[in-house]
Amino acid sequence: MEDILKEKVGKKFRNLFGADPEFLVFAPGRVNLIGEHTDYSDGFVLPFAINLGIVLAFSPTNNDQIDIHAIDFDQLFSQKLSKNSKGPADWTAYIKGVIWALKSQIVQLKGFQGVVAGNLPIGAGLSSSAALEVVAAKALCASSDMDISSPKLAQICQRAERGWVGVNVGIMDQLISACGKRGHAVKLDCRTLDTEYVLIPDGICFIVLDTNTRRELSHSAYNKRSEEVEWAAQILKVRALRDASLSMLIKEKDKFPSTIYRRARHVISENDRVHAFVNAMKNHDLQKMGHLLNESHISLRDDFEVSSEELNIIVDIAIAQPGCYGARMAGAGFGGCALAMVNERFLDDFIHKVQHEYKKQTNIEPHIFSVKSSDGVYLVGS
Ligand code: GLA
């Protein structure tokens, strides 16, 4: 947990509530190495939790009231836990969603007073919403004296986002925010929730390339993709696309509208790429890893159509730089971030050149930074 964030939330807490917070909880954002738009088809993903995230300082109150001040929005959210009604579609919706989803697990929720702040760019595709859900859920479990396992916590947060916020997300973001492990990516089977921790090879770094573009309609476009892949699974008569292979798809091609065929081809080939990427990681085959990233980008761009002009520009610029093994758009897409895998000896030069070239081509200032792996959510006494 970053000291600056800790101090920031601690100071604000003392200002607002007149005492030190009893606990601090940190939930990380994530980058996904490969396996994009596969989680809601029961597929495979390979994210790692990053050193950027959200910190919540809080003290349990032993009553029915929750008060959370968000420093980044300069807003206070207050509510009785026993009452929950829809409000604005902003950060408070994620908290309300978590309260709603937790109520089905914990008979008597008890509240807290808290202050929250983060250092994740919002809406960029690094899972700021999942990190917010996970910190809130962890704090509510602690203030209600309830011990819930990390995978269960992730499922509750996913339910919050699907059932309350209304985006049909998969489990990846919440799961990695809850279960990440420093130094490792997590190969997650999104059907069984089996996890394999895979060591991140030395000598490389992962660079976030934030295009500084955001898409308003990304939620509805996301839900549309989830309907399309379900449709594809129905045509193939499988439970989810995770159960299909490329040869099955090719055999049934005539039954598919062409868009749905391409959507399915992305998901099925992306699942294969996850397995190949994990093997390459284990063999320290950096060239192969990079190549798979590039293939993933092409598939997301042309078959799944979730990239954007700016994402394509920044990926092309990145791939052309010395020391870059590969790059792809990352996260839900439609704007936001790409991810590049770079030889650490080229890091500074890489950042400088991509920054300069992207600004020149788009007239937009990008935000480019390297990320390190982190543990999943944790709570400490302050
Ligand atoms: C968002 C969702 C995830 C996943 C990714 C795309 O981040 O929250 O569940 O579907 O998009 O891989």
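Remember, predicted model here, so these are calculated numbers, not experimental data.

This part takes up the nonpolar core. The tendency in soluble globular proteins is for nonpolar side chains to be buried as a group. In terms of nonpolar packing, the biggest core is built from 81 residues, with Leu46 and Leu102 touching the most fellow members. Among the elements that make up this core, the one with the highest residue count is helix α3 (residues 128-143) (nine residues). Not counting chain neighbours up to four residues away, the residues in contact with leucine 102 comprise Leu109, Ala137, Leu140, Cys141, Ile148 and Ile156. Counting 45 residues, the second-largest nonpolar core is a separate cluster that includes Val229, Val315, Ala318 and Met329.

Turning our eyes to something else, we now look at the pairing of strand β9 (residues 204-210). With respect to burial, β9 is a largely interior element, seven of its seven residues being buried. Sheet analysis places β9 next to strand β11 (residues 337-343), joined by seven bridges and oriented antiparallel. Looking at β11, one finds that aspartate 210 is bridged to cysteine 337. Relative to strand β12 (residues 367-371), β9 is paired through five bridges, and the arrangement is antiparallel. Paired with phenylalanine 206 across the bridge in β12 is valine 371.

The next thing to look at is the environment of valine 116. Here valine 116 is to be found in strand β6 (residues 112-118). Sequence spacing of valine 116 and phenylalanine 58 is 58 residues, and the spatial spacing of their C-alpha atoms is 8.6 Å.

Further remarks concern unusual backbone geometry. One can expect most non-glycine residues to show negative phi and most peptide bonds to be in trans. With a phi angle near 70 degrees, serine 127 is a residue other than glycine that sits in the positive phi range. Relative to the assigned elements, serine 127 resides in the loop between β6 and α3. On the accessibility criterion, serine 127 (8% relative accessible area) is buried. One non-glycine residue, asparagine 363, lies in the positive phi region at around 65 degrees. Inspection of the secondary structure assignment puts asparagine 363 in the loop between α11 (347-362) and β12.

Our next topic: the domain arrangement of the protein chain. Segmentation of the protein chain into domains returns domain 1 (3-197 + 374-381) and domain 2 (200-371). Here aspartate 243 and arginine 191 are joined by a salt bridge, their closest N and O atoms 2.7 Å apart. Applying the counting rule to domain 1 against domain 2 returns 22 residue pairs in polar contact (both at pLDDT 80 or more). At the level of elements, β1 (23-32), β2 (44-45), β3 (47-60) and β7 (184-189) are the ones that each hand at least two residues to the side of domain 1 that touches domain 2. The residue makeup of the side of domain 1 that touches domain 2, split by class, is 18 nonpolar, 14 polar and eight charged.

Read across the open sheet, the six strands follow the order β5-β4-β6-β3-β1-β13; overall the sheet is mixed. Whereas interior strands pair on both sides, the edge strands pair on one side only; in this sheet they are β5 (75-80) and β13 (378-381). The mean inter-strand angle of the sheet, taken between neighbouring strand axes irrespective of direction, is 20 degrees. Bridge count between β3 and β6: seven bridges; the pairing is antiparallel. Residue phenylalanine 58 lies in a different strand from β6, and its bridge partner there is glycine 114. Against the sheet, helix α5 (residues 172-179) makes contact with β1 and β3, and its axis sits at roughly 130 degrees relative to β1, the strand it touches most.

Inspection of the region around the ligand gives Arg30, Glu36, His37, Asp39, Tyr40, Val169, Gly170, Met172, Asp173, Tyr222, Gly331 and Ala332 as its neighbouring residues. Between aspartate 173 and the ligand, the recorded distance is 2.6 Å, taken from a side-chain N or O atom to an oxygen atom. Here tyrosine 222 contributes a side-chain N or O atom positioned 2.5 Å from an oxygen atom of the ligand. The protein chains hide 94% of the 300 Å² of surface that the ligand would expose on its own. Here the shell around the ligand is composed, by residue class, of five nonpolar, three polar and four charged. Both domains that meet at the shell around the ligand, namely domain 1 (3-197 + 374-381) and domain 2 (200-371), each give it at least three residues.

Before going further, it helps to spend a moment on the side chain of arginine 273. Secondary-structure assignment places arginine 273 in helix α8 (residues 258-282). A residue is classified by how much of its surface remains accessible, and arginine 273, at 8% relative accessible area, is buried. A distance of 3.2 Å separates polar atoms of two side chains, one belonging to arginine 273 and the other to serine 299. For arginine 273, the residues in contact, after removing those within four places along its chain, are Ile34, His266, Leu292, Glu295, Ser296 and Ser299.

The next point concerns the pattern of salt bridges. Enumeration according to the criterion identifies 22 salt bridges in this entry. A salt bridge links arginine 328 to glutamate 36; the shortest N-O distance between them is 2.8 Å. Taken together, the residues arginine 328 in strand β10 (residues 324-329) and glutamate 36 in the loop between β1 and β2 connect sequence positions 292 residues apart. Aspartate 349 is the partner of lysine 353 in a salt bridge, and the nearest nitrogen-oxygen pair spans 3.2 Å. One end of the pair, lysine 353, and the other, aspartate 349, are both in helix α11, four residues apart, so they sit about a helical turn from each other. For aspartate 349, a relative accessible area of 40% puts it in the partly exposed group. If you follow the salt bridges from partner to partner, you end up with Lys224, Arg225, Glu228, Arg262, Arg263 and Glu305 in one network.

Calculation criteria
Residues numbered from 1 in each chain as written. Predicted model: local features only at pLDDT ≥ 70, side-chain atom pairs only at ≥ 80, totals over all residues. Heavy atoms only, no water. Core = buried A, V, L, I, M, F, W, Y, C linked by side-chain atoms within 4.5 Å. Buried < 20%, exposed > 50% of the residue type's maximum accessible area, 1.4 Å probe, protein only. Helix = DSSP H or I, 4+ residues; strand = E, 2+ residues; numbered from the N terminus. Contact = heavy atoms within 4.5 Å. Pairing = 2+ DSSP bridges. Domains from an automatic or database assignment. Salt bridge = Lys/Arg side-chain N within 4 Å of Asp/Glu carboxyl O. Polar contact = N/O pair within 3.5 Å; in protein donor to acceptor, adjacent residues only side chain to side chain. Nonpolar A, V, L, I, M, F, W, Y, C, P; charged D, E, K, R; others polar. Axes fitted to C-alpha atoms, helices over the stretch in contact; angles between N-to-C directions. Near = heavy atom within 4 Å. Areas by Shrake-Rupley, 256 points an atom, 1.4 Å probe, with all protein chains shown as cover.

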